[in-house]
Each structure stands twice: as structure tokens, then as C-alpha cells.
Amino acid sequence: MYFESIGEALLMGGHGGFVWSAYGITFAVLTIALIRPLVSTRSLNATIRLRSARQSNLSEGDS
Amino acid sequence: MWRIVHQFGSPPWVYRFCDRVIPWLLPLTVVALLVGSAWGLLFAPTDYKQGDSYRIIYIHVPASVVALAGYYVMASAGLVSLVWRVKLADTAMRAAAPIGAAYTAIALVTGAIWGKPTWGAWWVWDARITSMLILFFLYVGVMALFEAYENKTIAARACAILSLVGTVNIPIIYKSVDWWYSLHQPASIKFTGSSAIDTSMLYPLLGMIVTFYVLFALLMMLNIKQSLTQEYAHSAWLHKRLND
Amino acid sequence: MAPERADASLAHYCIRQTGRHLLLLVRSPGEIVNPLLFFLLVIILFPLGLGPDPEMLSALAPGIVWVVALLANVMLCMRLFADDFADGSLEQLAMANIPLAVAVLPQLLASWLASGFLLSLVSPLFGLMLGLPLSVAPILMASLLMGTLIMLLLGAVGAALTVGIQRGGMLLSLLILPLYVPVLIVGTRSLTEAVGGGDPAVALALLGAGVTGGLVLSPVAIAAGLRVSLEL
């Protein structure tokens with residue numbers, strides 16, 4: 001590691017607030033961009049599965 | 001060769017492709033992001049002029065570079081959709097726009113945060129930041145145009161035309177903003193460290209640029225898979241795939 | 001129209017259509033006068049907001065003139081195809097056996113003559129009000145002549161894409177304002193060079209290049225945009 005201690009790495013010569021907030025915001029944005037399609041796909045899949053299960057139940061009832 | 005092209009036009013094939021690639025690309029990208037950030041944050045040496053605030057460039061520069069490249073990805077998809085009427089190209093174009101907008105937003109915010117300790121102001125009318133701001137509006141314009149149309153097939157065609165017009169204009173915008181900046185700003189404000197950068201700083205930067213490219217591809221796949229699920233919710237191949 | 005006569009009559013058609021559009025504009029003088037009044041009013045707002053100091057005003061004048069010309073152009077583009085779209089004549093135009101990219105040129109030419117062209121003719125007046133020396137009037141007129149044409153050609157693409165959208169005005173400005181940035185930079189530059197005693201030739205040449213490129217490329221994009229809006 002370049003820094004002597006964790007505290008020094010957090011401070012970054014007085015610029016720590018800037019550096020860490022920049023990384024924090026970036027990772028927050030990227031996480032949202034990652035999670036959003038994953039969650040949406042999952043809920044869509046659940047809806048599709050539910051509907052196809054209901055349809056197969058209906059067709060079984062008919063026969 | 002043509003077989004591959006045809007496969008990329010087939011929704012079930014692309015869906016399966018995304019399905020296979022995402023499970024290993026997702027953890028790989030997350031790890032690469034964490035390693036790259038740790039390298040840039042903790043292991044790369046300090047810039048003797050700017051101090052440690054320079055470490056923001058490990059996300060600012062990759063985000064800016066890939067944001068610009070992303071516009072061309074979007075416009076290429078738009079061209080394919082306009083010329084060959086490939087429906088999947090519409091999906092790809094729509095998938096790229098919000099990611100590009102997110103990247104430009106990251107570049108702008110990190111640029112502002114980097115500017116405060118470096119230039120003493122949150123916002124400086126620097127050529128790169130100004131170009132990035134315009135690029136952000138170009139992305140937002142494409143997204144807003146897509147939302148404005150009820151018929152999404154027509155919306156995609158409109159967005160394709162707009163993004164192609166943007167493609168022709170982006171080099172002109174970048175050149176003119178550079179010109180404007182070089183005429184108006186004193187020479188004292190300069191982006192240091194980009195010309196003669198030491199390899200101990202360059203390697204983590206290159207690593208992060210590659211990682212941001214891969215992340216862009218991953219996010220596109222996730223978005224494409226999401227829109228395919230939405231679009232083909234009633235088709236047999238998707239039901240079969242989900243029930244397997 | 002017989003097919004073999006199509007080429008010969010294309011120029012004839014363009015002239016006739018330009019005349020028709022100009023006649024329509026002259027019959028509703030508000031369409032012509034309102035953008036000019038808007039331009040004048042906004043120019044008056046700047047000294048009221050910034051103070052009457054002539055030195056400061058003349059330093060800011062190039063930017064003010066160009067930003068206002070840009071806004072007037074956006075307002076023009078919001079109405080550009082609206083009437084022809086509403087009464088169906090745009091659809092007729094797209095169905096005709098003339099390439100749509102050519103068929104829209106008369107409309108653009110007429111709109112430009114009634115807006116940008118007139119604006120640049122009266123612009124020395126506004127320049128004087130903002131403290132620009134009379135010697136830069138030719139540069140002001142030349143740069144506005146070319147700049148307004150480029151902006152109209154770019155804005156028409158946005159107008160073509162948004163004409164079918166209800167309340168597309170704000171959307172239109174979001175789409176086209178970023179594209180106007182180079183015109184603003186180069187146009188302002190030609191004036192600041194002229195005021196500062198420099199050589200405005202580079203900036204004017206760039207504007208000329210923009211006009212040429214715009215005339216070649218943008219009709220194609222406008223036609224494609226109109227086809228999208230007409231759902232053809």
C-alpha cells in the first residue's frame with residue numbers, strides 16, 4: 001500500500017473528502033445501473049411464470 | 001460470417017447469449033472495479049503537484065472516455081436499425097442511452113469534485129467538462145425523444161435519426177469547444193498529468209478504462225435482457241426458456 | 001406530371017413552392033414580425049438587467065446578439081412544420097414523386113428569408129443599440145446570414161422529429177440547443193475578432209463550411225425525420 005496507515009489513506013493529505021465522495025457517488029450510480037435491470041427482469045420473469053402456470057392449470061381443468 | 005450476423009438479429013439467440021455471459025461477466029466486472037479502484041486509491045503513488053485529489057481521475061477519465069464511445073455504440077445501433085430494420089438494434093440503442101447518460105453524469109460530478117481542490121471552484125468552464133455537459137444533453141435528448149412517442153417502433157426510428165445527427169455533430173462540437181476554450185482561457189489552467197504520466201499511475205488508469213468498457217457492455221446486456229423479457233413476455237421461446 | 005419532365009420541372013417546382021410559402025407568410029405578417037419583435041425585446045432586456053454602461057455592453061454584445069438569434073431560431077423551428085402537418089399538406093408532399101429531401105427545401109428557404117435573412121438585415125440596428133461600432137456591421141450581417149441558415153437547417157431536423165408530438169416545444173429545444181453550440185461559438189468569435197481588430201475571416205469561413213455541409217446533409221435527415229413523424 002502506498003499509504004502508511006488506514007487513517008492516512010482516509011485523509012489523503014486533506015483531500016480525502018473529495019476523493020472518497022467522488023468514488024462513493026460513482027459506485028452508487030453504477031450500483032443503481034446494475035441493480036435496476038436485474039430487479040426488473042426478475043419481477044417480469046415472476047409474472048411470466050405465474051401466468052404460464054395459471055394457463056396450464058386452466059387447460060388441465062378443461063380436459 | 002453471415003450466420004453470426006443473423007444470430008445477432010435473433011432475439012432468442014441474443015437472450016440466451018446474455019443469459020450465458022452475464023453470470024460470469026457480472027462478478028468479474030465487479031471484482032475488476034474493486035481491484036482497479038483500490039489500486040488507484042491506495043497503491044498508486046501521489047501526484048506531486050495535485051496531491052491525492054488526482055486519484056479521482058481513475059474514475060473520471062474512464063467515465064468520460066467510455067461515455068463518448070458509448071454515443072457511437074448507440075448511433076451505430078441506430079444506423080443498423082434504420083438501414084436494415086433489425087428490431088434488436090432498436091433494443092441495443094435503447095439499452096445504451098441511459099448507461100451513456102449515467103457515465104456522463106459520473107464524469108461531470110467527479111470532474112466537479114476534482115475541480116474544487118485543484119482549481120478552487122466546483123465548476124470551471126474547461127473544454128472537456130463543457131463538451132461532456134453537451135454530450136449529457138445529447139443523451140438526455142435521445143431518451144426524452146424516445147419517451148415522447150407512444151409507438152415505440154416509431155420512437156426508435158426517430159431516436160436513430162437523432163443519434164446519427166448527433167454523431168455528425170459531436171466532432172464539430174468538440175472541436176469548436178476546444179477552439180472556444182483556447183481563445184478565452186488563460187494558459188495557467190491545465191489538465192496536468194495527462195501528457196507525461198508515469199507507468200505506476202498509467203497502468204491502473206488503463207485498467208480502469210478497460211473495466212469501464214467491459215462494464216458498459218455488461219450493463220447493455222442486462223438492459224437488453226430486460227427489454228427482451230418485456231417485449232417477448234407472450235412468446236413461446238421465452239416461456240420454454242424460463243420453465244427449463 | 002410526366003416522369004421525363006420531372007427533372008426539368010424540379011427547379012420550377014422549387015421556385016413556385018418558395019413563392020407559395022412566402023405568400024402564405026406575407027398574408028399573416030405576424031409570423032414575420034413576431035420573431036423580430038421578440039429579438040428586439042430580448043435585446044432591450046439585457047441593458048435593463050446588466051446596466052447601461054456602454055463599454056460593458058459592447059463587450060458582451062457579440063454573445064448577446066448570438067444567444068438571442070439562437071432563441072429566436074428555436075421559436076421559429078417550433079412552428080416550422082406544424083401547420084403543414086396539421087392540414088395534411090406535408091403528407092401530400094411526402095407522397096409526391098419528388099424526393100422529400102428536395103421538396104422541403106422551398107419551405108426552408110421561405111422560412112429563412114422571412115426570419116434569418118430579415119434579422120440579419122436589421123441586425124446593425126440592434127448592434128448599435130448594444131454599442132457595437134458601425135464598422136463591424138458587415139461582419140455582423142454576414143455571420144448572422146450564414147449562422148441563421150445553419151441553425152434553421154439543424155433545427156428543422158429536430159422540428160421534423162417532434163412535429164407529431166403534442167407539446168413538443170420543450171423537447172425540441174432540448175434536442176437542438178446542444179447542436180447549436182458550434183454555431184454560437186463560431187458566430188460570436190467572428191464578431192469578437194471584428195470588434196477587437198482581428199481577422200474574422202477564419203470564423204466566417206467556418207460558417208460558410210457549415211452552410212455547405214448543412215445544405216448537403218440536413219435535407220436528408222429532415223426528410224427521414226418527417227417520414228418518421230408521418231409514420232410512412
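Structural data are supplied above this passage.
I will try to describe carefully the structure that is included in this document.

Moving on, we come to the packing of helix 8 (residues 137-162) of chain C against helix 10 (residues 201-229) of chain C. Residues and elements named next belong to chain C. Packing of helix 8 against helix 10 leaves a shortest axis separation of 7 Å and a crossing angle of 20°. In terms of orientation, helix 8 lies roughly parallel with respect to helix 10. Crossing handedness for the pair helix 8 and helix 10: left-handed. The residue inventory of the contact of helix 8 with helix 10, partitioned by class, reads 17 nonpolar, nine polar and no charged.

Right, let's talk about the nonpolar core for a bit. Judged by nonpolar contacts, the single largest core of 161 residues is most densely connected at Tyr103, Leu145 and Phe212 of chain B together with Phe39, Phe81 and Ile222 of chain C. For tyrosine 103 of chain B, the residues in contact, after removing those within four places along its chain, are Leu30 of chain A together with Ala63, Val66, Ala67, Phe212, Leu215, Phe216 and Leu219 of chain B.

Each aromatic ring pair is summarised here by two numbers: the centre-to-centre distance and the angle between the ring planes. Residues and elements named next belong to chain B. Taken as a whole and judged by the stated rule, the model has 14 aromatic pairs over all chains. The interplanar angle of 65° and the centroid separation of 5.5 Å between the aromatic rings of tyrosine 15 and tryptophan 237 together place this pair among those described as edge-to-face. You can see tyrosine 15 sitting in helix 2 (residues 11-43) and its partner tryptophan 237 sitting in helix 8 (residues 236-243), a full 222 residues away along the chain. We classify tryptophan 237 as partly exposed; its relative accessible area is 22%. Where tyrosine 71 meets tyrosine 139, the ring centres are 5.4 Å apart and the plane angle is 65°; that geometry is what we call edge-to-face. Of this pair, tyrosine 71 sits in helix 3 (residues 57-84) while tyrosine 139 sits in helix 5 (residues 127-148), placing them 68 residues apart in sequence. One exposure class covers both tyrosine 71 and tyrosine 139, and it is buried.

Turning our attention to helix 4 (residues 87-119) of chain B. With 33 residues, helix 4 of chain B should reach 48 Å at 1.5 Å per residue; the first-to-last C-alpha distance of 47 Å fits that figure. Judged by how many residues are buried, helix 4 of chain B sits mostly within the fold: 24 of 33 residues are covered.

Turning our eyes to something else, we now look at the interface of chain C and chain B. Contacts between the two partners involve 27 residues from chain C and, on the opposite side, 26 residues from chain B. Summed over both partners, the interface of chain C with chain B comes to about 2200 Å²; 83% of that surface belongs to carbon and sulfur atoms. Connecting chain C to chain B are zero salt bridges. Counting across the interface, chain C meets chain B through one residue pair in polar contact (both at pLDDT 80 or more). Looking at the side of chain C that touches chain B, the elements with two or more residues in it are helix 8, helix 9 (169-195) and helix 10 of chain C. Tallied by class, the residues present in the side of chain C that touches chain B amount to 21 nonpolar, three polar and three charged.

Right, let's talk about the interface of chain A and chain B for a bit. Of the residues lining the interface, 30 residues belong to chain A; the matching set on chain B comes to 44 residues. In total, about 3300 Å² of surface goes out of reach between chain A and chain B, with carbon and sulfur atoms giving 76% of it. If you sort the residues of chain A by the area they bury against chain B, Tyr2, Phe18 and Tyr23 of chain A come out on top, with a joint share of 19%. For the interface between chain A and chain B, the tally reads zero salt bridges. Put simply, chain A and chain B have four residue pairs in polar contact (both at pLDDT 80 or more) between them. The dominant element in the side of chain A that touches chain B, judged by the number of residues it contributes, is helix 2 (residues 16-62) of chain A, at 23 residues. For the side of chain A that touches chain B, the residue count by class is 20 nonpolar, eight polar and two charged.

Moving on, we get to the arrangement of the chains. The structure contains two pairs of chains in contact, of which chains A and B account for the largest number of contacts. At the level of C-alpha atoms, the two units chain A and chain C stay apart, their nearest approach being 23 Å.

Bringing the environment of leucine 238 of chain B into the picture now. Looking at the secondary structure, you find leucine 238 of chain B in helix 8. In sequence terms leucine 238 of chain B and methionine 93 of chain B are 145 residues apart; their C-alpha atoms lie 22 Å from each other.

What counts as what
- Residues numbered from 1 in each chain as written.
- Chains lettered and ligands numbered in written order.
- Predicted model: local features only at pLDDT ≥ 70, side-chain atom pairs only at ≥ 80, totals over all residues.
- Heavy atoms only, no water.
- Axes fitted to C-alpha atoms, helices over the stretch in contact; angles between N-to-C directions.
- Helix = DSSP H or I, 4+ residues; strand = E, 2+ residues; numbered from the N terminus.
- Parallel < 35°, antiparallel > 145°, perpendicular 65-115°, else oblique.
- Left-handed = near helix turned anticlockwise from the far one by under 90°.
- Nonpolar A, V, L, I, M, F, W, Y, C, P; charged D, E, K, R; others polar.
- Core = buried A, V, L, I, M, F, W, Y, C linked by side-chain atoms within 4.5 Å.
- Buried < 20%, exposed > 50% of the residue type's maximum accessible area, 1.4 Å probe, protein only.
- Contact = heavy atoms within 4.5 Å.
- Phe/Tyr/Trp six-rings, centres within 6.5 Å; stacked < 30°, edge-to-face > 60°.
- Expected span 1.5 Å × (residues − 1).
- Buried area = accessible area lost by both parts, 1.4 Å probe.
- Salt bridge = Lys/Arg side-chain N within 4 Å of Asp/Glu carboxyl O.
- Polar contact = N/O pair within 3.5 Å; in protein donor to acceptor, adjacent residues only side chain to side chain.

By themselves these figures say nothing about function.
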